[in-house]
Amino acid sequence: MNDFFLALSKVMTRVIETVNGWVWSTPLVVLCLGAGLYFSLRTRFVQVRRLGEMFRLLFTTDKKQKTGITSFQAFAMALSGRVGTGNIVGVATAIGFGGPGAIVWMWIIAFFGAGSAFVEATLAQIFKENHNGQFRGGPAYYIEKGLHSPFFGSLFAVLAAVACGIFLPPVQCNGIALSMERTLGLDAWIIGVFVAVLIGLVIIGGVKRIANVAQIVAPFMALLYIVLSIVVLAVHYEVVPGVFMEMLRGAVGTSQLGGAILGSTIAWGVKRGIYSNEAGQGTGPIVAAAAKVSHPVKQGLVQAFSVYIDTLLVCTATAMMIMACGTYNVIESVQVVPGSGAVVTYLQQNPGAPLGEPGVFYTSGALATVTGARLGDIVISFALFFFAFTTIMAYYYYAETNLVYLFSRIRRRRVEAMRTMVDAERDTNGPDSGDEGRRWMENEEQLLKSMEEEYRRADERFGDDRGEKVVVWTLRTLTIIAVFIGSTVGSGIVWTLGDIGVGAMAWINIVAILLLSPKALRCLRDYERQKKLGVEPIFDPKSLNIAGAEFWEEYKES
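Residues numbered from 1 in each chain as written. Predicted model: local features only at pLDDT ≥ 70, side-chain atom pairs only at ≥ 80, totals over all residues. Heavy atoms only, no water.

A. The packing of helix H7 (residues 102-126) against helix H12 (residues 240-252), seen in detail. At a minimum axis distance of 7 Å, the contact between H7 and H12 shows a crossing angle of 75 degrees. Between H7 and H12, the interaxial angle falls into the category roughly perpendicular. Only Phe244, Met247, Leu248 and Ala251 of H12 make contact with H7, whose side of the interface consists of Ile103, Val104, Trp105 and Trp107. Considered class by class, the residues forming the contact of H7 with H12 number 8 nonpolar, no polar and no charged. (Axes fitted to C-alpha atoms, helices over the stretch in contact; angles between N-to-C directions. Helix = DSSP H or I, 4+ residues; strand = E, 2+ residues; numbered from the N terminus. Parallel < 35°, antiparallel > 145°, perpendicular 65-115°, else oblique. Contact = heavy atoms within 4.5 Å. Nonpolar A, V, L, I, M, F, W, Y, C, P; charged D, E, K, R; others polar.)

Here you go:
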């Protein structure tokens, strides 16, 4: 029996890995890069033209709206999701398998990805909804309202809730546990309990508490990490110009390794860039919708700026430290040999680089050249902790928002079904149906009014609907449990399942924003027209012939 389950496990693993390969295949990479290029051209490179305004908008908010979070809080929450373990481990992996030139391709994908981030965040603001004093939105909402496709909206919501709420949090906690266990000597389960309790304290407070924590922790840690990298580069200042030249030569295949790994350089740079900045994947707009602004374009610009912070600053900080200190190798292949573990073949080995597959030790090794090995490990472990912790917070919010979407649609369908039944009965049992028929009709209409009132209150005050309240608390419990489990078990297959979910979300979202991009472009033109007139831009969907933006129609009238 054990042999049967072992064989079944191997088959399931192969199936899952095969599906992941299909989802994250070259067409998705091309689609992400192509969409970013298309949006950049159509917006006339708004990510460059409005760069100064992006920074200014971080600290502005719409005081007229009492609902929602500030632009800076939305920026910090998005940054929490974008800046995670991938900024340390993912960058090391890109360099290890793609060489220094991979970082240049990460810059390129970030530059064009900012165009995608602008469009999806603008659409999220256009089609957002008010739910218990919180703005909710994202791909599920604009797919349903903009493309009139409840099926694909619901499919995206299910994928996001499962991937972000269950599969991805344990992977982040696993990274925390492994790093802390090696550095501080603590048992993994102790670390798991500590992280799970902290996460529980934050997510139980809802979006307001998540935003309050994120606006402090995420920018602070990103800034501190960048300062640390500057210190390291200052110590190794004489090699910095050479590092830049090596990156540029590697990006076009003219480095010492030549064109031998150019294909790998581009592939790893683009893939890691997409994973890191999340532009086009559909997670950023979920947070963007929560902000209170007077015009959707304002939040579109803010979210485009967060892509720059993630890749052009944080990822570059990691890459420059690693390459300036020479604590990396370029790997040709990794083969798993039974009884011997992983056998690594190198294309380039540096004297100060650790052997084996690339990972966090590339970065800690670079920091150790300044601080010493022990302190370097501790600093990187704590950086990983805060980056991963804030990412888990963001994952939970993504999942909760999509659960709210699903249950709000279930409520609406129940009301519509009841209304359809009453209308059908009214047609069948007209005025001549007798006293009994009329009494039945009166009872049904009274029931319908009662249901409509119940669901209206549930939309206005979160938690009135018992089913939704139970499911959200179940999600919170599962997220806390998943975080603890992630600290004590391997994360390989869970990471792959999460990747499949996020990849499928990206396929749906990128196609959706390509189809809906004319609305975002109209919105941008309207914003720039009002700016030229010298007035504070206010969004009016009716003047732009954009249907489905009920919140903004009410906002304009108020």
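B. Spotlight on the nonpolar core. Core analysis: the biggest nonpolar cluster contains 124 residues, and Leu123, Tyr142, Val195 and Tyr225 have the highest contact counts within it. With 19 residues, helix H17 (residues 373-428) is the largest single contributor of residues to this core. Apart from the residues within four sequence positions on either side, Leu123 is in contact with Tyr142, Ile513, Leu516, Lys519 and Ala520. Counting residues in hydrophobic clusters, the runner-up holds 22 residues, among them Ile95, Met106, Ala251 and Ala324. (Core = buried A, V, L, I, M, F, W, Y, C linked by side-chain atoms within 4.5 Å. Buried < 20%, exposed > 50% of the residue type's maximum accessible area, 1.4 Å probe, protein only.)

C. Region of interest: the pattern of salt bridges. All chains considered together, the criterion is met by 13 salt bridges. Residue Lys531 pairs with Glu53 through a salt bridge whose shortest N-O separation is 3.6 Å. With Lys531 in helix H20 (residues 492-532) and Glu53 in helix H4 (residues 51-57), this residue pair connects regions lying 478 residues apart in the sequence. Here Arg249 makes a salt bridge to Glu246, at a shortest N to O gap of 3.5 Å. Taken together, the residues span about one helical turn, with Arg249 and Glu246 both in helix H12 at a distance of 3 residues. Residue classification places Arg249 among the partly exposed residues on the basis of a relative accessible area of 32%. (Salt bridge = Lys/Arg side-chain N within 4 Å of Asp/Glu carboxyl O.)

D. Main features of helix H2 (residues 26-42). Spanning 17 residues, H2 covers 24 Å between terminal C-alpha atoms, matching the ideal 24 Å at 1.5 Å per step. Where H2 is concerned, the buried positions are Leu28, Val29, Cys32, Ala35, Gly36, Phe39 and Ser40. Viewed end-on, H2 has its buried residues packed into an arc of 135 degrees, placing them on one side of the element. Along H2, the residues that are exposed and aim more than 90 degrees away from the buried face are Thr26, Val30 and Leu41. Of the residues flanking the end of H2, it is Arg44, one or two places downstream, whose phi is positive at about 55 degrees. (Expected span 1.5 Å × (residues − 1). Arc of directions from axis to C-beta.)

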